[in-house]
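# Structure at a glance
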Amino acid sequence: MKSSRTLGLVMIAPAAIMIVLFFLMPVVLTAVFSMTSMTTATGISGGVYQIAPNSLIALKSAMPDIAAEMAEPRYTIDDAGLKAVEGLGLAPGIAAELRAKHTGEVFPTRRDVERMIKDLAERPSTREVKQISEQFNRSVLNTRFDSKEQLFSALDSLGFKLTPEQKQTVARVTYTGWTWTTDNFSRMATSPDMARVLFNTVLYVALVLMLFNVGYALLLAILTHYMPPTPASIFRGIWLLPRITPVVIYVMLWKWLAWDSGFISILMGKFGYPPKNYLLDNAYNAWLFVVLINGFIGASMGMLVFSSAMKAIPKSQFYASEVDGASRWQQIRYIILPQMRWPILFVTCYQTLSLLASFNEILLATNGGPGNATEVWALSAYHTALRNYAGNLEYGLGAAMALVLVVIGVMLSLLYLRVFNYGTLVAKPLIED
């Protein structure tokens, strides 16, 4: 018994490893990234502290006076400046007096430091005063610091005396790296654009799922069930073409159909209508094509699953119903549909998760247009994290949007199992051999 259990664990180990690596780990990493502020600007590694123009703008709202002072240079009498003055070839007493009397002093403006230089015993000329003052010009603007300590040390050397609260604000505003945050979820909850994308997703999944992936697929399976075997096989093979055709070629065929130089425009031109791009002409046309493009792909899979399930129904049930005078509709209602609950549950769950996560066809067909009318959640997450017009890719927000899809998918799966009474479907039979 023990050896059999060990063998079973060994046999299942590769599948368990695959599940951890390719399912659990991506979900865990998505959850981790969703709690960060990672963008193209911050990068994915640690950042530095830099007082840049954009951080000064953000700092003005909290500390306007200090932000204004940081934007201007200060003049500090330090060793580096004194050595530079010694190298100018001026009177030797100038550098010596500055070192002896003014080392460590900080002057807020150029006028102040030049007034001090003019009062030196050597009495430098106006030209020399400007040369000397320039050697002490110091600024933290656009300077990169690897740590907060380096940043605050530089600010202290320039005479900025900040309170702990002010230091915390400066560090937060000037940090160029990512931070741990829950703002991504707050943005999704409050953004009207996200609400529109969520509505588009619900509409897209509901229409494609009910009309094609389940409804039309079930209709095709029933029709082919009552057809002779050879025509039925040919018919099913034709409906498989959308699924086996490369998605780029498949969408290009639809574009050729709907473009202003495509088949529909040519046909409508015979009746005097001017050519136009029916795919992106308006939101209603775009939605029509999005549903059709994705629906024909989903219907083929559902048709195969339902057809296989119908073949498993004992033929004796159909023969007995015909003897009793049952019509085709009565056979469908009382024989086929009651025994299709498990296949319908499987197709519904699988296709719901597939539709929530898929966006390839929409990306290639409309790219979410016109005017984001067909932008669904998965496509919006892709645009946010990996490709957008603004150029600043928001990895953290995109991961948060992907995590929402995972949560919605799990919740819908549990709901489906409850609605279809999964416990009854997998219950042990009352009579066993």
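Residues numbered from 1 in each chain as written. Predicted model: local features only at pLDDT ≥ 70, side-chain atom pairs only at ≥ 80, totals over all residues. Heavy atoms only, no water.

## Here's the deal with the overall build of the protein chain
Stated precisely, the cut-off is as follows: The way it works is that DSSP assigns letters per residue, a run of H or I at least four long becomes a helix, a run of E at least two long becomes a strand, and they are numbered from the N terminus. Each radius of gyration is computed over the set of C-alpha atoms, and the globule rule expresses the reference value as 2.2 Å times the number of residues to the power 0.38. Only protein chains enter the accessibility calculation, which uses a 1.4 Å probe. A residue is then buried if its area is under 20% of the maximum for its type, exposed if over 50%, and partly exposed in between. Pairs of residues are marked as contacts when any of their non-hydrogen atoms sit within 4.5 Å. In these tables, accessible area is a Shrake-Rupley quantity obtained with a 1.4 Å probe, and a residue counts as shielded only by the protein chains included in the view. Here the positive residues are Lys and Arg and the negative ones are Asp and Glu; neither His nor the chain ends is included. Positions of charges follow a simple convention, taking NZ of Lys, CZ of Arg, CG of Asp or CD of Glu.
A tally of regular secondary structure across the protein chain gives 22 helices and five strands. Against the globule reference of 22 Å for 433 residues, the protein chain gives a C-alpha radius of gyration of 36 Å, more extended than a compact globule. Principal-axis analysis of the C-alpha atoms gives the protein chain an extent of 125 × 80 × 35 Å. When burial is assessed residue by residue, the protein chain has 38% of its 433 residues classed as buried. Nonlocal contacts in the protein chain, meaning residues at least 24 apart in sequence, comprise 72% of its contacts between residues at least 6 apart. Entry remark: accessible area of the protein chain is about 25,100 Å², with carbon and sulfur atoms responsible for 64%. Of the side-chain charges in the protein chain, 35 are positive and 29 negative, and the distance between the mean point of each set is 10 Å.

## Focus on helix 8 (residues 148-157)
What counts, and what does not: As used here, the arc is the angular range of directions from the helix axis to the C-beta atoms.
Burial in helix 8 covers these residues: L151, F152, A154 and L155. Projected onto a plane normal to the axis of helix 8, the buried residues spread over an arc of 155° and lie on a single side. Contacts from the buried residues of helix 8 go to strand 1 (49-50), helix 3 (64-71), strand 5 (144-145) and helix 9 (164-174). Positive phi shows up at G159, right after helix 8, with a value of about 90°.

## Quick look at the domain arrangement of the protein chain
Rules: Note that domain bounds follow an automatic or database assignment of domains.
In terms of domains, the protein chain is made up of domain 1 (50-174) and domain 2 (191-387). Using only C-alpha atoms to locate each centre, domain 1 and domain 2 end up separated by 68 Å.

## Observations concerning the layout of surface pockets
Threshold: Cavities and pockets are found on a 1 Å grid laid over the protein atoms alone: a cavity is a set of points where a 1.4 Å probe fits but cannot escape, a pocket is an open set with protein on both sides within 12 Å along at least five of seven lines, and a lining residue has an atom within 4 Å of such a point. Grid points are joined across faces, edges and corners, and a volume is the space filled by probe spheres set on the points. Gly is put with the polar residues, along with every residue not named as nonpolar or charged; the nonpolar set is Ala, Val, Leu, Ile, Met, Phe, Trp, Tyr, Cys and Pro, and the charged set is Asp, Glu, Lys and Arg.
In this model, the largest pocket occupies a volume close to 700 Å³. P26, T30, A399, A402 and V406 are, among the 26 residues lining the largest pocket, the residues nearest its centre. Of all the elements in the fold, those that place two or more residues in the lining of the largest pocket are helix 1 (2-34), helix 18 (341-357), helix 20 (377-385) and helix 21 (395-419). Partitioning the lining of the largest pocket into residue classes produces 23 nonpolar, three polar and no charged. One number sums up the size of the second largest pocket: a volume of about 550 Å³. Around the second largest pocket, the lining is made up of 22 residues, and of these N372, E375, S380, H383 and T384 lie nearest the centre.

## Some points on the packing of aromatic side chains
Convention followed: For Phe, Tyr and Trp, rings pair up if their centres lie within 6.5 Å, where Trp contributes its six-membered ring, and each pair is then called stacked (planes under 30 degrees apart), edge-to-face (over 60) or tilted (otherwise).
Tallied over the entire structure, the rule returns 13 aromatic pairs. Judged by centre distance (5.3 Å) and plane angle (70°), the ring pair of Y216 and W239 falls under edge-to-face. Remark: W239 occurs in helix 12 (residues 229-244) and Y216 occurs in helix 11 (residues 192-225); sequence separation between them is 23 residues. Residue Y216 is classed as partly exposed on the basis of its relative accessible area, which comes to 26%. Its relative accessible area of 15% is what places W239 among the buried residues. Ring geometry for W254 versus F289: centroids 6.1 Å apart, planes at 80°, classification edge-to-face. Of this pair, W254 sits in helix 13 (residues 247-258) while F289 sits in helix 15 (residues 283-311); the two residues are 35 residues apart in sequence, bridging distant segments of the chain. F289 matches W254 in its accessibility class, with the two residues each being buried. Grouped by ring-pair contacts, the aromatic residues F212, Y216, F235, W239, Y250, W254, F289 and F296 constitute a single cluster.

## Considerations on the side chain of E361
Definition in use: Take a side-chain nitrogen of Lys or Arg and a carboxyl oxygen of Asp or Glu: if they are within 4 Å of each other, that pair is a salt bridge.
Mapping E361 onto the fold places it in helix 19 (residues 360-365). Nearest to the buried, unbridged E361 among oppositely charged side chains is R243, at 8.0 Å. What E361 contacts, discounting residues up to four positions off in sequence, is V247, V251, I293, N294 and I297.

## Things to note about a nonpolar patch on the surface
To be explicit about the condition: Distance thresholds for patches are 9 Å for like charges and 5 Å for nonpolar side chains (Val, Leu, Ile, Met, Phe, Trp, Tyr), applied to residues having over 30% relative accessible area and no salt bridge.
Residues I17, M18, I19, V20, L21, F22, F23, L24, M25, L29 and F33 make up a contiguous nonpolar surface patch of about 1,100 Å² in total accessible area. A relative accessible area of 42% places L24 in the partly exposed class.

## Description of empty space enclosed by the protein
Taken as a whole and judged by the stated rule, the model has one cavity of 30 Å³ or more. Put simply, the largest cavity is a space of about 30 Å³. Contributing to the lining of the largest cavity are E69, M70, E72, P73, R74, R138, S139, V140, L158 and F160. Of the residues contributing to the lining of the largest cavity, the split by class is five nonpolar, one polar and four charged.

## Topic: the environment of T352
The condition that has to hold: N or O atoms within 3.5 Å of each other form a polar contact, as long as, within protein, one can give a hydrogen and the other can take it, and as long as residues adjacent in sequence are counted only when both atoms are side-chain atoms.
Along the polypeptide, T352 turns up in helix 18. Take T352: its relative accessible area is 1%, and that puts it in the buried class. T352 sits 57 residues away from G409 along the chain, and the two C-alpha atoms are 7.6 Å apart. Every residue in contact with T352, bar those within four places of it in the chain, is listed here: V205, L209, V347, L412 and Y416. Within polar-contact distance, the side chain of T352 engages the side chain of Y416 at 2.9 Å.

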